[in-house]
Amino acid sequence: MNIKQISFTDINQVLAHQLGSVFQPTYSMEGSYHYRRNPLGELMENLVPHPEFKMLGIRNIPQMSENSLAYSTFTWAGLLKHLRQMLISNSKMEEGIDWQVRPPLSGLPTLGKVSLNRELHFNTSIANLVILRGKDVHSADLGGFKDPALYTSWLAPVNAFNVWKTQRAFSKYEKSAALVSNSQFLLKPLDTIVGKAWNMFASKAYIHQYTKFGIEEEDFLDSFTLLEQVVASYCNL
């Protein structure tokens, strides 16, 4: 965004942009002129096929300053190529994408697939939803998101991938794409947070401030168990 001194207002604008790119109205189906009536419910239906996997993340492109936007042109092929690579390499932004990461080859044994994932930091998905907004939206080729290698083996791509569309542009972008993904994207930061919290708990840091309001140490242990199960479940995809 080329912002010299970043404020909370700037951060909130980015967050609002990302959420708006998902929750602004889209058509309920291909060729329909009726908007979705329950986008949050449909989002959960498309992306949460199992109760153990409920961590969703958003990526949105393009996102740039208005000054840069005036000199930029976008194609669906270019946007979707970058968005797919952001997904599989777990990149948060379009800048700095690791183009060396590739999906594991189909047919590899499970052990080989796991080691390859660790080596290249491949981000395995459970389910993905792509939301396209703008000009010529129906000409966009989404075949790259239907590759079985992107997904866990227990869910077929036909069930794991969905797309929402509308020809109405979002914000000032002629074409824009958002990705809502249920994948391993939060695995590393969540594991780090749990580890730091364990260290604080082991040293009794701030525990007394919770216990005087009725929160017991067993409540902390239950929370640790719950989050460690989330980490383990996503790690074993």
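Residues numbered from 1 in each chain as written. Predicted model: local features only at pLDDT ≥ 70, side-chain atom pairs only at ≥ 80, totals over all residues. Heavy atoms only, no water.

- Looking up the chain in an unreviewed UniProt entry gives the name Tubulin delta chain isoform X3, with the organism given as Acinonyx jubatus.
- Regarding the chain, the relevant UniProt record gives this comment under Subcellular location (unreviewed entry): "Cytoplasm".
- Looking at the chain in UniProt, the text filed under Sequence similarities (unreviewed entry) is "Belongs to the tubulin family." (UniProt positions renumbered as here; feature names shortened; annotations may be inferred.)

### Some words on the pairing of strand β4 (residues 175-183)
Phase 1 of the analysis: With nine of nine residues buried, β4 lies mostly within the body of the structure.
Phase 2 of the analysis: Where burial is concerned, the two faces of β4 agree: the one with Lys175, Ala177, Leu179, Ser181 and Ser183 and the one with Ser176, Ala178, Val180 and Asn182 are both buried.
Phase 3 of the analysis: Bridge count for strand β1 (residues 57-61) against β4 is five bridges, and the pairing is antiparallel. Its bridge partner being in β4, arginine 59 is matched across the sheet by leucine 179.
Phase 4 of the analysis: Note that strand β2 (residues 125-134) and β4 share nine bridges and pair antiparallel. By the bridge assignment for β4, asparagine 128 is matched with serine 181. (Buried < 20%, exposed > 50% of the residue type's maximum accessible area, 1.4 Å probe, protein only. Helix = DSSP H or I, 4+ residues; strand = E, 2+ residues; numbered from the N terminus. Pairing = 2+ DSSP bridges.)

### Side note on the sheet that holds β1
The strands making up a sheet associate through backbone hydrogen bonding, with each pair oriented either parallel or antiparallel.
Phase 1 of the analysis: Taken together, four strands build an open sheet; the order of strands is β1-β4-β2-β3 and the sheet is mixed. Each having just a single partner strand, β1 and β3 (161-166) make up the two edges of the open sheet. The average angle at which neighbouring strand axes cross in this sheet is 15°, direction not considered.
Phase 2 of the analysis: With six bridges connecting them, β2 and β3 associate as parallel partners. Across the sheet, leucine 129 pairs through a bridge with asparagine 162, a residue of β3.
Phase 3 of the analysis: Lying on the sheet, helix α1 (residues 8-23) is in contact with β1, β2, β3 and β4; it crosses β1 at an angle near 95°. (Axes fitted to C-alpha atoms, helices over the stretch in contact; angles between N-to-C directions. Contact = heavy atoms within 4.5 Å.)

### With respect to the nonpolar core
Phase 1 of the analysis: Core analysis: the biggest nonpolar cluster contains 45 residues, and Leu80, Val130, Leu132 and Phe145 have the highest contact counts within it.
Phase 2 of the analysis: Listed by contribution, the elements that provide at least two residues to this core are α2 (39-47), α4 (76-89), β2, β3, β4, α7 (187-202) and α9 (217-235).
Phase 3 of the analysis: In terms of residues, this core owes the most to one element, α4, which gives seven residues.
Phase 4 of the analysis: Each of domain 1 (8-184) and domain 2 (189-236) contributes no fewer than three residues to this core.
Phase 5 of the analysis: When residues no more than four places from it in sequence are discounted, the contact partners of phenylalanine 145 are Leu80, Leu83, Arg84, Leu87, Val130, Leu150, Tyr151, Phe161 and Leu179.
Phase 6 of the analysis: Ranked by size, the runner-up nonpolar core spans five residues in total, among them Val194, Ile207, Phe220 and Phe224. (Core = buried A, V, L, I, M, F, W, Y, C linked by side-chain atoms within 4.5 Å. Domains from an automatic or database assignment.)

### Some remarks on the pattern of salt bridges
Phase 1 of the analysis: Scanning the entire structure with this criterion turns up four salt bridges.
Phase 2 of the analysis: Arginine 36 is the salt-bridge partner of glutamate 42, the closest N and O atoms lying 2.5 Å from each other.
Phase 3 of the analysis: A relative accessible area of 14% places arginine 36 in the buried class. (Salt bridge = Lys/Arg side-chain N within 4 Å of Asp/Glu carboxyl O.)

### Details of a nonpolar patch on the surface
Phase 1 of the analysis: On the surface, Met1, Ile3, Ile6, Phe8, Ile11, Val14 and Leu15 cluster together to form a nonpolar patch covering roughly 690 Å² of accessible area.
Phase 2 of the analysis: With respect to the helices and strands, leucine 15 occurs in helix α1. (Patch = residues over 30% accessible without salt bridge, like charges linked within 9 Å, V, L, I, M, F, W, Y side chains within 5 Å. Areas by Shrake-Rupley, 256 points an atom, 1.4 Å probe, with all protein chains shown as cover.)

### Some points on the domain arrangement of the chain
Phase 1 of the analysis: Per the domain assignment, the segments of the chain are domain 1 (8-184) and domain 2 (189-236).
Phase 2 of the analysis: One C-alpha centre belongs to domain 1, the other to domain 2, and the line joining them spans 31 Å.
Phase 3 of the analysis: Carbon and sulfur atoms supply 57% of the area buried between domain 1 and domain 2, which totals about 550 Å² over both sides.
Phase 4 of the analysis: Where domain 1 packs against domain 2, one counts zero salt bridges.
Phase 5 of the analysis: The interface formed by domain 1 and domain 2 includes five residue pairs in polar contact (both at pLDDT 80 or more). (Buried area = accessible area lost by both parts, 1.4 Å probe. Polar contact = N/O pair within 3.5 Å; in protein donor to acceptor, adjacent residues only side chain to side chain.)

### Comments concerning unusual backbone geometry
Phase 1 of the analysis: For the peptide bond that leads from isoleucine 61 to proline 62, omega is -10°, which places it in the cis range.
Phase 2 of the analysis: Position of proline 62 relative to the elements: it lies in the loop between β1 and α3 (66-69).
Phase 3 of the analysis: The phi dihedral of aspartate 136 is positive, around 55°, even though this residue is not glycine.
Phase 4 of the analysis: Mapping aspartate 136 onto the fold places it in the loop between β2 and α6 (157-160).
Phase 5 of the analysis: A residue is classified by how much of its surface remains accessible, and aspartate 136, at 45% relative accessible area, is partly exposed.
Phase 6 of the analysis: A positive phi angle, near 55°, is found at serine 171, a position not held by glycine.
Phase 7 of the analysis: Note on placement: serine 171 falls in the loop between β3 and β4.

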